[in-house]
Amino acid sequence: MNYADLFRVTLPETALELAALLVLVVDLAFLRRAALKVRVTVAALLGVAGCGAAVWALGASDGWGFRFDDALVLAQYGYVGAAQAGILVLTALTLLLLIDSDFTRHVGEFVAVMLMAASGGLLIAGAQDLLVIFVGLELLSLGLYIMTAFAKSSGKSAEAALKYYLFGGMSAAFMLFGFSYLYGMTGSTNLSAIDAALSQLHPGPPPLFYVALVTIAAGLGFKIAVVPFHLWAPDTYEGAPAPAAAFIASVSKVASFALLVGIVSTRFVPVYPAGAGFVTGFVIAAGAAAGSVVIATPAFSLIVVIAVASMVLGNLAALAQTSVRRLLAYSAIAHAGYILLGIAFALANDEGTSRNSNAVLYYVLTYGLTTIGAFGVVSVVERATGSDRLDSFLGLHKRNPLLAAVLLVLFLSLAGIPPLVGFWAKFNLFAAVLGVSAGPVPFALVALAIALSVVSLYYYLQVLKRVYVMPATDETPIKAHPVTLAVHLIIAAAVVVLGCFPALLLRWIENFHRVM
Amino acid sequence: MFLILHPNSVSLLAWTIYLSFAGSLLLALMPRGKPVLSRWLALAVAVAGLAMAVQGFVAGMGQGLVTLVDVPWVPSMGIRFLLAADGISRVLVLLTGLAAVAGVLFSWNIDLRTNEFFAFYFALIGAVYGVFLSFDLFLLFVFYEIAIVPKYFLIAIWGSTRREYGAMKLVIYSFAGSAMVLIGLLAAYTTAGSHSTGLIDLAHAGLPVSFQLWCFPLVFTGFAILAGMWPFHTWAPTGHVAAPTAASMLLAGVVMKLGAYGCLRVGIALFPHGLDPWGFSFIGIGSWRNVFALLAIIGIVYGALVALAQTDFKFVIGYSSVSHMGFVLLGLMTLNQIGVTGAVLQMFSHGVIAGLLFAIVGRIVYDRTHTRQLAELETMHLSRRMPFAAAAFVVAGIASIGMPGFSGFVAELQVLIGAWNVNHWWVAAAGIGLVVGVAYIWRAMQKAFFSDLLPSAHVLEQEHNHAFAAITWPEVTGVVMLAGVSLFVGLYPKILLDAIEPAVKTLIAGGGQ
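Criteria and cut-off values
- Residues numbered from 1 in each chain as written.
- Chains lettered and ligands numbered in written order.
- Predicted model: local features only at pLDDT ≥ 70, side-chain atom pairs only at ≥ 80, totals over all residues.
- Heavy atoms only, no water.
- Helix = DSSP H or I, 4+ residues; strand = E, 2+ residues; numbered from the N terminus.
- Rg over C-alpha atoms; globule rule 2.2 N^0.38 Å.
- Buried < 20%, exposed > 50% of the residue type's maximum accessible area, 1.4 Å probe, protein only.
- Contact = heavy atoms within 4.5 Å.
- Areas by Shrake-Rupley, 256 points an atom, 1.4 Å probe, with all protein chains shown as cover.
- 1 Å grid on protein atoms, 1.4 Å probe; cavity = no way out; pocket = protein on both sides within 12 Å on 5 of 7 lines; lining within 4 Å.
- Points joined across faces, edges and corners; volume = space filled by probe spheres on them.
- Nonpolar A, V, L, I, M, F, W, Y, C, P; charged D, E, K, R; others polar.
- Salt bridge = Lys/Arg side-chain N within 4 Å of Asp/Glu carboxyl O.
- Buried area = accessible area lost by both parts, 1.4 Å probe.
- Polar contact = N/O pair within 3.5 Å; in protein donor to acceptor, adjacent residues only side chain to side chain.
- Pairing = 2+ DSSP bridges.
- Expected span 1.5 Å × (residues − 1).
- Bend = angle between axes of the 7 residues up to and from the residue.
- Patch = residues over 30% accessible without salt bridge, like charges linked within 9 Å, V, L, I, M, F, W, Y side chains within 5 Å.
- Phe/Tyr/Trp six-rings, centres within 6.5 Å; stacked < 30°, edge-to-face > 60°.
- Lys NZ or Arg CZ within 6 Å of the ring centre and 35° of its normal.

## Some thoughts on the overall build of chain B
Here is step 1: Counting secondary structure elements, chain B contains 22 helices and 4 strands.
Here is step 2: Over its C-alpha atoms chain B spans a radius of gyration of 22 Å, differing by no more than 12% from the 24 Å that the globule rule assigns to 513 residues.
Here is step 3: Across its three principal directions, the C-alpha atoms of chain B cover 75 × 55 × 40 Å.
Here is step 4: Out of the 513 residues in chain B, the part that is buried amounts to 65%.
Here is step 5: Taking the contacts inside chain B whose residues are at least 6 apart along the sequence as the reference set, 81% of them involve residues at least 24 apart.
Here is step 6: Carbon together with sulfur atoms contributes 69% to the accessible area of chain B, which is approximately 16,600 Å² in total.

Take a look at the structure:
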């Protein structure tokens with residue numbers, strides 16, 4: 001055990017933690033009497049600088065394959081570098097949007113908590129060990145609970161935080177329970193060691209393995225907000241302060257999906273043939289009947305059922321929403337469903353794994369980017385009109401044409417309209433799924449996902465209709481902070497440019513892979 | 001690097017796309033409250049696009065497929081930014097150029113958010129140009145989907161009767177259709193296992209016949225929704241009626257052609273065996289070809305009959321579009337040289353004539369009378385008070401019913417000859433549509449313009465005091481241009497047929513080029 005090595009491996013995380021401490025010190029020691037605006041700006045800029053330092057540290061560590069003892073395995077796969085860079089960029093964008101907010105006087109603490117949560121995200125993105133996974137997840141989650149509760153004067157914020165915390169605590173307990181079974185069966189906390197040990201067992205893994213699988217799925221399902229572990233999402237998205245909600249919807253999603261890809265890539269999940277009598281027996285039967293036995297493993301079936309339920313419920317429930325934040329929450333559930341489809345098929349074979357994990361990463365990174373912008377616009381409108389109801393968006397194109405145009409681009413991208421990046425995210429993902437296996441089952445699943453994205457266009461257009469079409473009830477201009485506006489324009493421009501040149505981001509992610 | 005200019009001036013065609021999108025962006029950034037400037041800019045962009053289209057058409061005469069731009073776009077998936085043009089593309093690009101100019105002329109009176117109107121307008125036009133020039137499967141699809149959203153805003157913001165409903169219906173139908181197409185294309189892409197998504201490469205990939213048999217109807221139906229194929233046509237009348245004049249001109253003039261073009265360029269070219277017999281037959285229907293021909297014929301007859309029963313002038317034209325697009329689909333299903341050529345010519349012809357009809361009904365008449373109810377128009381003596389409109393509608397009506405001398409005659413005749421060679425009954429059934437076509441145009445013409453109620457002195461004085469606004473120069477120009485084109489093509493169809501025939505020949509012979 002060499003602490004110098006440990007320090008070197010965790011350089012990005014350390015950079016974030018140091019930045020968090022620095023923000024606290026500067027804010028509490030030097031800026032006590034300064035105006036809130038100054039404090040927010042300083043804290044956010046320091047945070048952004050911390051993210052920049054962490055990105056530099058990512059590049060500085062030699063390759064992304066360092067393995068520290070067997071206890072702490074970080075960043076073993078190439079995609080991790082891309083995910084971590086994405087986490088840092090998204091965190092920086094969220095911090096920049098924070099500059100124009102006044103929900104709390106304790107900005108130093110808020111920024112510090114956000115940076116620490118982001119470092120938790122960095123950890124889980126690269127973790128290959130049960131303990132590290134759990135520590136990273138808790139670091140991330142605790143930060144999120146605190147951030148959700150930060151608007152102390154708002155009852156909704158407290159309610160949202162409490163719900164989030166209770167659900168989160170419960171699912172963390174489930175996951176830890178599952179981890180303990182895995183450890184008990186194999187005597188190791190390292191994912192690849194667990195894999196090796198499990199494959200030694202004859203005639204196959206004991207029933208406890210499936211219990212562990214389900215409880216772990218509950219824990220991870222909570223993090224990515226998929227049905228049936230999604231109940232916290234609408235309330236939290238609605239009640240949390242906008243930067244916190246944006247962070248939950250983007251950074252936390254990217255990190256959790258990176259973790260999921262990491263777990264799937266070690267392949268301890270898929271190698272076992274279908275167990276009879278499993279919850280998802282009918283899917284297995286369908287898959288087997290269709291001749292695609294290869295992919296009909298319990299883990300596969302479990303993920304597919306969750307994915308389909310999320311796509312269907314997320315999209316249908318979003319239709320009925322009148323609060324734009326809740327609409328975004330349900331659409332997030334639907335998007336998580338699409339992504340899970342990609343993950344399910346990453347289980348099929350080695351080639352599928354790398355291609356699908358690229359597609360999943362592409363999807364979740366671009367989704368995170370888009371959704372930060374969407375929450376940013378919602379928060380500007382909310383501050384001007386006092387609510388995030390659909391009708392608050394009436395006549396936005398007159399009240400602030402730039403923000404309206406940004407919202408148009410972002411929502412159309414979320415709906416998957418080309419040439420915006422959201423289209424390529426879906427396209428890539430579905431092509432990857434069909435590339436792994438072109439049997440009737442994947443085909444039907446992709447067809448369902450595409451059909452549901454038609455439904456999603458309807459509810460995104462409900463918002464855009466109010467922005468552009470319906471007459472305004474109030475035409476006073478909405479002012480946005482110049483930094484906020486600039487961030488939105490950058491995000492919208494990125495969505496357009498990455499959509500017109502889809503190869504840019506794809507190649508970037510693939511190159512991370514090639515480093516390995 | 002992305003905009004490579006070949007010495008060959010056919011490559012100017014690619015610039016129609018860039019120009020339209022640039023124009024759209026420029027118009028979106030224009031200051032509000034300067035409608036005159038926006039109008040002239042829009043006209044300049046449209047005319048420049050038309051000039052390029054004409055230049056490309058003239059330069060392309062006698063040439064086959066000309067590649068305009070070919071650069072890798074998504075190398076890892078084999079997707080290329082591949083623009084090319086054969087005779088069919090050149091004819092349809094020409095149509096788009098004409099429709100774009102005419103649409104701007106007939107939108108001259110739009111004062112509400114003028115710059116935004118034209119921004120959405122040119123986003124749509126640019127996408128349409130893009131579809132007609134794309135020779136990469138997914139590039140074509142991308143342009144096809146770009147065309148969806150501007151339509152929504154054009155109709156929902158500037159439309160009339162039940163505009164939000166009409167706009168949403170149209171968008172959901174279009175997007176559902178394109179979802180079907182996307183599913184089919186993804187399946188074809190993965191099944192072919194090819195490293196190129198070029199249309200021609202995929203056509204040569206040799207997709208298994210059994211695969212083609214189920215993928216073809218999916219893709220064909222997806223595209224045909226936008227072409228107004230019965231029973232998926234219901235978006236068309238409501239959408240056309242709700243749309244502002246320029247948008248209904250574009251919808252009928254070019255957007256429905258996108259669907260038909262997709263059916264031909266992607267559906268038939270990529271899955272030629274999808275039309276093979278199933279090996280069994282049920283009440284005389286033994287292949288997808290029979291199914292779609294039947295739907296096309298039902299569309300022809302049903303659209304015409306429903307048009308006959310309408311009380312709203314614009315609905316008459318809306319349903320007539322469904323009927324005329326049926327001829328396009330029927331022509332495609334003949335799968336022979338003359339029938340498919342006729343279908344392509346019909347796309348051009350209907351684009352021009354329907355544009356003219358919608359312009360007269362929506363702009364010249366409705367913007368002055370503020371009603372489209374035939375019963376009310378009947379009391380207005382329009383032939384006397386708006387002689388220009390009446391004369392224009394007579395010309396457009398004659399063109400629409402397929403009178404020799406206008407483009408519609410040549411096109412529908414070829415379709416029917418092609419159909420005769422396949423199945424006599426198809427012609428007999430479609431003939432009913434032709435006859436009813438005469439009836440509904442005549443009925444509408446008589447009711448709207450030539451009612452023989454004699455006015456009393458009092459009515460005459462009232463009419464004198466409330467004279468309609470004079471016909472403006474953009475309207476005259478637009479009418480003369482569209483009617484002139486239809487007449488010219490009717491008298492000298494060879495000019496388009498020379499371009500269409502060789503392209504159709506290679507397309508139906510080899511599945512690709």
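## Overview of empty space enclosed by the protein
Residues and elements named next belong to chain A.
Here is step 1: The full count for this structure, using the stated rule, is 11 cavities of 30 Å³ or more.
Here is step 2: At 6 residues, the largest contribution of residues to the lining of the largest cavity is made by helix α9 (residues 207–224).
Here is step 3: Broken down by class, the residue content of the lining of the largest cavity amounts to 20 nonpolar, 1 polar and no charged.

## Details of unusual backbone geometry
Here is step 1: With an omega of 5°, the peptide bond between P418 of chain A and P419 of chain A qualifies as cis.
Here is step 2: If you trace the backbone, P419 of chain A turns up in the loop between α18 (401–415) and α19 (421–436).
Here is step 3: Even without being a glycine, R113 of chain B presents a positive backbone phi close to 45°.
Here is step 4: Position of R113 of chain B among the secondary structure elements: in the loop between α3 (87–105) and α4 (114–133).

## A closer look at the pattern of salt bridges
Here is step 1: Under the definition given, this model contains 25 salt bridges over all chains.
Here is step 2: Residue E164 of chain B pairs with K465 of chain A through a salt bridge whose shortest N-O separation is 3.4 Å. With E164 of chain B in helix α7 (residues 163–192) and K465 of chain A in helix α20 (residues 440–469), this residue pair bridges two chains.
Here is step 3: A relative accessible area of 12% means that K465 of chain A is categorised as buried.

## Re the interface of chain A and chain B
Here is step 1: Across the contact, 42 residues belong to chain A and 33 residues belong to chain B.
Here is step 2: Both faces considered, chain A and chain B share a buried interface measuring about 3,200 Å² in area, 81% of it formed by carbon and sulfur atoms.
Here is step 3: Along the contact surface separating chain A from chain B lie 1 salt bridge.
Here is step 4: Seen at the junction of chain A and chain B, the total is 5 residue pairs in polar contact (both at pLDDT 80 or more).
Here is step 5: Broken down by secondary-structure element, the contributors of at least two residues to the side of chain A that touches chain B are α17 (396–399), α18, α19, α20 and α22 (503–515) of chain A.
Here is step 6: Here the side of chain A that touches chain B gets 14 residues from one element, more than from any other, and that element is α20 of chain A.
Here is step 7: Looking at the side of chain A that touches chain B residue by residue, the classes come out as 31 nonpolar, 6 polar and 5 charged.

## Re the pairing of strand β2 (residues 79–85) of chain B
Residue and element names in this part refer to chain B.
Here is step 1: The buried count for β2 comes to 6 of 7 residues, which makes it a mostly enclosed element.
Here is step 2: Note that strand β1 (residues 66–74) and β2 share 7 bridges and pair antiparallel. In the sheet register, D70 faces β2, and the bridge partner there is L82.
Here is step 3: Adjacent in sequence and paired antiparallel, β1 and β2 are bridged by 4 residues, among which G78 carries a positive phi angle near 75°.

## Observations concerning the layout of surface pockets
Here is step 1: In this structure, the largest pocket spans a volume of roughly 1,800 Å³.
Here is step 2: Every residue lining the largest pocket is counted, 47 residues in all, and those nearest its centre are V409 and V496 of chain A together with F21, S24 and L25 of chain B.
Here is step 3: Of the residues contributing to the lining of the largest pocket, the split by class is 42 nonpolar, 3 polar and 2 charged.

## Points about helix α9 (residues 209–226) of chain B
Here is step 1: In a regular helix each residue adds 1.5 Å, so 18 residues correspond to 26 Å; α9 of chain B covers 26 Å between its end C-alpha atoms and thus fits that length.
Here is step 2: The sharpest bend along α9 of chain B comes to roughly 30°, located at C215 of chain B, with the proline P217 of chain B sitting one to four residues further on.

## A closer look at a nonpolar patch on the surface
All names here are of chain A.
Here is step 1: On the surface, a nonpolar cluster with roughly 410 Å² of combined accessible area is contributed by L142, L162, Y165 and L166.
Here is step 2: Per-element accounting of the nonpolar patch gives the leading share, 3 residues, to helix α7 (residues 155–186).
Here is step 3: On the secondary structure map, L166 appears in helix α7.

## Let's talk about the environment of Y440 of chain B
Residues and elements named next belong to chain B.
Here is step 1: Turning to its location among the elements, Y440 is positioned in helix α19 (residues 424–448).
Here is step 2: Given a relative accessible area of 1%, Y440 falls into the buried group.
Here is step 3: In this structure, the C-alpha to C-alpha distance between Y440 and Q310, residues 130 residues apart in sequence, is 9.0 Å.
Here is step 4: Excluding residues within four positions of it along the chain, Y440 makes contact with A304, A307, L308, V316, S320, S323 and H324.

## Brief notes about the packing of aromatic side chains
Here is step 1: Tallied over the entire structure, the rule returns 55 aromatic pairs over all chains.
Here is step 2: Ring plane angle 25° and centroid distance 6.3 Å describe the contact between F315 of chain B and Y319 of chain B, whose orientation is recorded as stacked. Separated by 4 residues within a single helix, F315 of chain B and Y319 of chain B lie in helix α13 (residues 313–334), roughly one turn from each other.
Here is step 3: By the ring-pair criterion, three or more aromatic residues cluster together here, those being Y468 of chain A together with F117, F118, F120, Y121, F122, Y152, F153 and W158 of chain B.
Here is step 4: R162 of chain B extends its terminal NZ or CZ atom over the ring of Y165 of chain B, reaching a point 4.1 Å from the ring centre.
Here is step 5: The ring of Y366 of chain B is capped by R372 of chain B, whose NZ or CZ atom sits 4.7 Å from the centre of that ring.

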